[in-house]
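The chain contents come next:
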Amino acid sequence: QLQASGGGLVQPGGSLRLSCTVSGSIFRLNIMGWYRQAPGKQRDLVAVIDSSSNRNYADSVKGRFTISRDNAKNTAYLQMNSLKPEDTAIYYCNALTDGLRPKYNSWGQGTQVTVSS
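Reading the values: rules and limits
Residues numbered from 1 in each chain as written. Predicted model: local features only at pLDDT ≥ 70, side-chain atom pairs only at ≥ 80, totals over all residues. Heavy atoms only, no water. Pairing = 2+ DSSP bridges. Helix = DSSP H or I, 4+ residues; strand = E, 2+ residues; numbered from the N terminus. Axes fitted to C-alpha atoms, helices over the stretch in contact; angles between N-to-C directions. Core = buried A, V, L, I, M, F, W, Y, C linked by side-chain atoms within 4.5 Å. Buried < 20%, exposed > 50% of the residue type's maximum accessible area, 1.4 Å probe, protein only. Contact = heavy atoms within 4.5 Å. Salt bridge = Lys/Arg side-chain N within 4 Å of Asp/Glu carboxyl O.

K.L.:
So what's going on with the sheet that holds strand 3 (residues 16–22)? Residues and values would help.
P.N.:
Neighbouring strands of a sheet are bound in pairs by backbone hydrogen bonds; such pairs are parallel or else antiparallel. With antiparallel pairing, the 4 strands of this open sheet are ordered in space as 1-3-8-7. On the outer flanks of this sheet lie strand 1 (2–5) and strand 7 (65–70), each paired with one strand and no other. In this sheet, adjacent strand axes meet at a mean angle of 15° when their direction is disregarded. Pairing between strand 7 and strand 8 (residues 75–80): 6 bridges, direction antiparallel. Across the sheet, residue Asp70 finds its bridge partner in strand 8, namely Thr75.

So, in structure tokens, the structure goes:
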């Protein structure tokens, strides 16, 4: 149901745009979130967008990342600018409950983002 894509290798200061396609749900009603998990660390929520396109970000990405959505395409996006080596992680998306907990147990494979010179 969740398919994240768009990752890759980028130099520090570069940009990437991730996409997350959701199937099998009423996408436009969902709160959507982007998570990331670095090696040996827990999976953290970094960006949230609700059905009215209100957005929230983790402090670590605020001002650099932008979450958006296209309800006609059942897709959420994460525009990542000014990337830093510490942004290196596997990025996942999920729909969220009103309490900002992940809604689906199956996360998909995620998409790898590597920031390195």
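K.L.:
Describe in detail the nonpolar core, supporting the description with residues and values.
P.N.:
With 28 residues, the main nonpolar core has Cys20, Met32, Trp34, Leu78, Met80 and Tyr91 as its most contacted residues. Put simply, the parts of the chain that give this core at least two residues each are strand 1, strand 3, strand 4 (31–37), strand 5 (44–49), strand 7, strand 8, strand 9 (89–96) and strand 10 (111–115). Dropping the residues within four chain positions of it, Met80 is found in contact with Gly14, Ser15, Leu16, Leu18, Arg64, Phe65, Tyr91 and Val113.

K.L.:
How would you sum up the pairing of strand 9? Please name residues and give values.
P.N.:
Across the 8 residues that make up strand 9, a large majority, 7, are buried. Note that strand 4 and strand 9 share 7 bridges and pair antiparallel. Bridge assignment links Met32 to a residue of strand 9, and that residue is Ala95. When strand 9 meets strand 10, the two strands line up antiparallel, connected through 3 bridges. For Tyr91, the partnering residue across the bridge sits in strand 10 and is Thr111.

K.L.:
Give a detailed account of the pattern of salt bridges, specifying residues and quantitative values.
P.N.:
Going through the model one piece at a time under the given rule, you end up with 3 salt bridges. Two residues, Arg36 and Asp87, come together in a salt bridge whose shortest N-O distance is 2.8 Å. Here Asp87 lies in the loop between strand 8 and strand 9 and Arg36 lies in strand 4, a separation of 51 residues in the sequence. Here the two residues Arg36 and Asp87 agree in accessibility, since each one is buried. What you see here is one network of salt bridges that share partners, running through Arg36, Arg64 and Asp87.

K.L.:
How would you sum up the sheet that holds strand 6 (residues 55–57)? Please name residues and give values.
P.N.:
Spatial strand order, 2-10-9-4-5-6: 6 strands in an open sheet with mixed pairing. Looking at the sheet topology across the chains shown, the edges are occupied by strand 2 (8–10) and strand 6. Direction aside, the axes of adjacent strands within the sheet are offset by 25° on average. Inspection of the sheet shows strand 4 paired to strand 5 by 5 bridges, in the antiparallel sense. Each bridged residue has a counterpart across the sheet, and for Trp34 the counterpart in strand 5 is Ala47.

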